[in-house]
Amino acid sequence: MSMRALIVVDVQPTFCEGGELAVDGGNRVAADVAAYVAAHRARYGLVVTTQDWHIDPGEHFSDTPDFVNSWPVHGVAGSPNARLHPALADVAADVAIKKGQYDHGYSGFDGADGEGRALETVLRDADASAVDVVGLAESHCVKHTALDAARHGFATRVLTDLTAPVSPELGEQARDEMSAAGVELVRSADAA
């Protein structure tokens, strides 16, 4: 039987209302992800969190961001807003991936855990063959993480009600890209 992992992408205060790069609905996503994990932890052989953990990400940060390739300062390593969202306090993740220390780090597959293992290695070590992806933001880090998971050969689903895009337009574009790449888009209630 194949093992399914849950990847909780960047559910951090920096991406929620009141944060440096807030996504509308971010706090709701944090609460809903926490409730989902509490109710369905047994579905997953592995739960992984990812966090933007920027130290010196180069042109990713800008005082005059274009919101395409450059952004306001956010997810600063060690800052309170870079920690996991308080709603996730009871989510006992098996592995924490930090990404984007010295680059954009859009995908969870760009990061590593405390032992230096890349996300792909973490998943392979756990014999995962399928992943569900949730978190923030659907149009950016969720999309890139899901696309990379599919590219690495994992059966990949995004639980669409447990994520939120930067804008409706970018969310629609992200869903089109993910579908075209073979990522399954399902609501969490249908993700048995």
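Preceding block: the structure.
Figured I'd write up the structure that's included with this text. These numbers come from a predicted model, not from an experiment. (Residues numbered from 1 in each chain as written. Predicted model: local features only at pLDDT ≥ 70, side-chain atom pairs only at ≥ 80, totals over all residues. Heavy atoms only, no water.)

Before going further, it helps to spend a moment on the overall build of the protein. Across its full length, the protein carries 4 helices and 6 strands. The N-to-C order of helical and strand elements in the protein reads β-α-β-β-α-β-α-β-α-β. Its C-alpha atoms give the protein a radius of gyration of 15 Å, near enough to 16 Å, the size a compact globule of 192 residues would have. With respect to the principal axes defined by its C-alpha atoms, the protein has extents near 50 × 35 × 30 Å. Here the protein holds 192 residues, and the buried ones make up 50% of them. Counted over contacts in the protein with a minimum sequence separation of 6, partners at least 24 positions apart contribute 74%. Put simply, the protein shows about 8500 Å² of open surface, and 50% of that area lies on carbon and sulfur atoms. Considering the protein, the positive charge centre built from 14 side chains and the negative charge centre built from 29 side chains are found 6 Å apart. (Helix = DSSP H or I, 4+ residues; strand = E, 2+ residues; numbered from the N terminus. Rg over C-alpha atoms; globule rule 2.2 N^0.38 Å. Buried < 20%, exposed > 50% of the residue type's maximum accessible area, 1.4 Å probe, protein only. Contact = heavy atoms within 4.5 Å. Areas by Shrake-Rupley, 256 points an atom, 1.4 Å probe, with all protein chains shown as cover. Lys, Arg positive; Asp, Glu negative; His and termini not counted. Charge placed at Lys NZ, Arg CZ, Asp CG, Glu CD.)

The subject of this paragraph is the environment of L6. Of note, L6 is situated in strand 1 (residues 3-9). Sequence-distant contacts of L6, defined by excluding residues within four places in its chain, comprise Y36, V37, Y44, L46, V47, V48, D132 and V134.

Moving on, we get to the packing of aromatic side chains. Summed over all chains, the structure comprises 3 aromatic pairs. Geometrically, the ring pair formed by F67 and W71 is edge-to-face, given 5.9 Å between the ring centres and 90 degrees between the ring planes. The ring centre of W53 lies 4.7 Å from the NZ or CZ of K98, which sits over that ring. (Phe/Tyr/Trp six-rings, centres within 6.5 Å; stacked < 30°, edge-to-face > 60°. Lys NZ or Arg CZ within 6 Å of the ring centre and 35° of its normal.)

The subject of this paragraph is the sheet that holds strand 5 (residues 155-164). Ordered in space as 3-2-1-4-5-6, the 6 strands form an open sheet in which the pairing is parallel. Sheet topology places strand 3 (95-99) and strand 6 (184-186) at the edges, where each strand pairs with a single neighbour. Across the sheet, the mean angle separating the axes of adjacent strands is 25 degrees when strand polarity is ignored. Bridge count between strand 1 and strand 4 (residues 128-136): 7 bridges; the pairing is parallel. Bridge pairing in strand 4 links R4 to A130. The strands that helix 1 (residues 26-40) touches are strand 1, strand 4 and strand 5; relative to strand 5, the one it contacts most, it runs at about 125 degrees. (Pairing = 2+ DSSP bridges. Axes fitted to C-alpha atoms, helices over the stretch in contact; angles between N-to-C directions.)

One pass over the structure, following the stated rule, counts 0 disulfides. Not engaged in a disulfide, the cysteine C16 finds its nearest cysteine sulfur in C141; these two sulfurs lie 13 Å apart. Note on C141: relative accessible area 7%, which makes it buried. (Disulfide = S-S within 2.5 Å.)

Burial within strand 4 is extensive, with 8 of its 9 residues counted as buried. Once you follow strand 4 into helix 3 (residues 138-151) and on to strand 5, the crossover reads as right-handed. (Right-handed = clockwise from strand over helix to strand, strands pointing away.)

On to the environment of F67. The topology assignment puts F67 in the loop between strand 2 (46-52) and strand 3. Residue F67 is classed as partly exposed on the basis of its relative accessible area, which comes to 46%. Spatially, the C-alpha atoms of F67 and M3 are 37 Å apart, while their sequence positions differ by 64 residues. In this structure F67 touches L21 and P72, once residues within four positions along its chain are discounted.

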